[in-house]
Amino acid sequence: MLERLLGDEVDDAGRYIAEVVYGANDGIVTTFAVVAGVAGAALDPTIVLVLGVANLLADGFSMGMSNYLSTRSERDYAAATGNAVHDDRTPGRTALVTFLAFVVAGWTPLLPYVLDLRPTFSFSVAVTGVAFFTVGASRTLVTNRWWVRNGVEMFVVGMLAASVAFATGFFIEGLV
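Residues numbered from 1 in each chain as written. Predicted model: local features only at pLDDT ≥ 70, side-chain atom pairs only at ≥ 80, totals over all residues. Heavy atoms only, no water.

**Student:** Residues and numbers for the nonpolar core, please.
**Tutor:** Across soluble globular proteins, nonpolar side chains have a tendency to be buried as a group. Among the nonpolar cores identified, the biggest contains 14 residues, and F32, V35, V48, L56, F102 and L110 are the most heavily contacted of them. Only α3 (17-40), α4 (45-80), α5 (91-106) and α8 (147-175) provide two or more residues apiece to this core. When residues of this core are assigned to their parent elements, the largest contribution, five residues, is made by α3. What F102 contacts, discounting residues up to four positions off in sequence, is G23, A24, D26, G27, T30, N55, L56, D59, G60 and M63. (Core = buried A, V, L, I, M, F, W, Y, C linked by side-chain atoms within 4.5 Å. Buried < 20%, exposed > 50% of the residue type's maximum accessible area, 1.4 Å probe, protein only. Helix = DSSP H or I, 4+ residues; strand = E, 2+ residues; numbered from the N terminus. Contact = heavy atoms within 4.5 Å.)

**Student:** Can you tell me about α5, naming the residues and giving the values?
**Tutor:** Because the α-helix completes a turn every 3.6 residues, residues three or four places apart line up on one side. Between its first and last C-alpha atoms α5 spans 22 Å; for 16 residues at 1.5 Å apiece the expected length is 22 Å, and the two agree. Regarding α5, the residues found buried are P91, T94, A95, T98, A101, F102, V103, A105 and G106. Contact partners of the buried residues in α5: α3 and α4. (Expected span 1.5 Å × (residues − 1).)

**Student:** Break down the pattern of salt bridges for me, citing the residues and quoting the values.
**Tutor:** One side chain can pair with another of opposite charge once the charged atoms of both are near each other. For the coordinates displayed, the defined rule picks out five salt bridges. Residue E19 pairs with R89 through a salt bridge whose shortest N-O separation is 2.6 Å. One end of the pair, E19, is in helix α3; the other, R89, is in the loop between α4 and α5, with 70 residues separating them in the sequence. One exposure class covers both E19 and R89, and it is buried. Between D116 and R118 there is a salt bridge whose closest N-O contact spans 2.8 Å. We classify D116 as partly exposed; its relative accessible area is 43%. Classification of R118 by relative accessible area gives exposed; the value is 56%. One salt-bridge network, held together by shared partners, links R139, R145 and E153. (Salt bridge = Lys/Arg side-chain N within 4 Å of Asp/Glu carboxyl O.)

See the structure below:
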């Protein structure tokens, strides 16, 4: 239905949907994993900012470069087997989209700490949940799936990953 209304714009907008969803989801998950792990271990909240920003930039860069290498390898393989396919998605563009989606969405769990909203962890859980749902629901812009289903799906997966990080921090803090 959306394709009939927007025509080729849906194809253009959806061209990088995998990179946007993967990058945004991983950015939120890994950054919130740092937040939840630190909160679970009952460490000083300033540690969240140091580890969170370091994770955001380093892991975002790693994701982008991994996407670059993966896309490049896929193209090289296709060329080596004589199955080269024309694709406007260059390895550099896919890397950039992945990195930007990771960093932009990944800031969400850190915002309560940056803005010093109290209780910081509770606010971080809330904004992270909203971010998961929003990124998931936004997939509806380029798919035919129901926005609520998309949002809930990403919310559940993301919060499960966050729960693992919190439990790990809580468990390890009890050991040391």
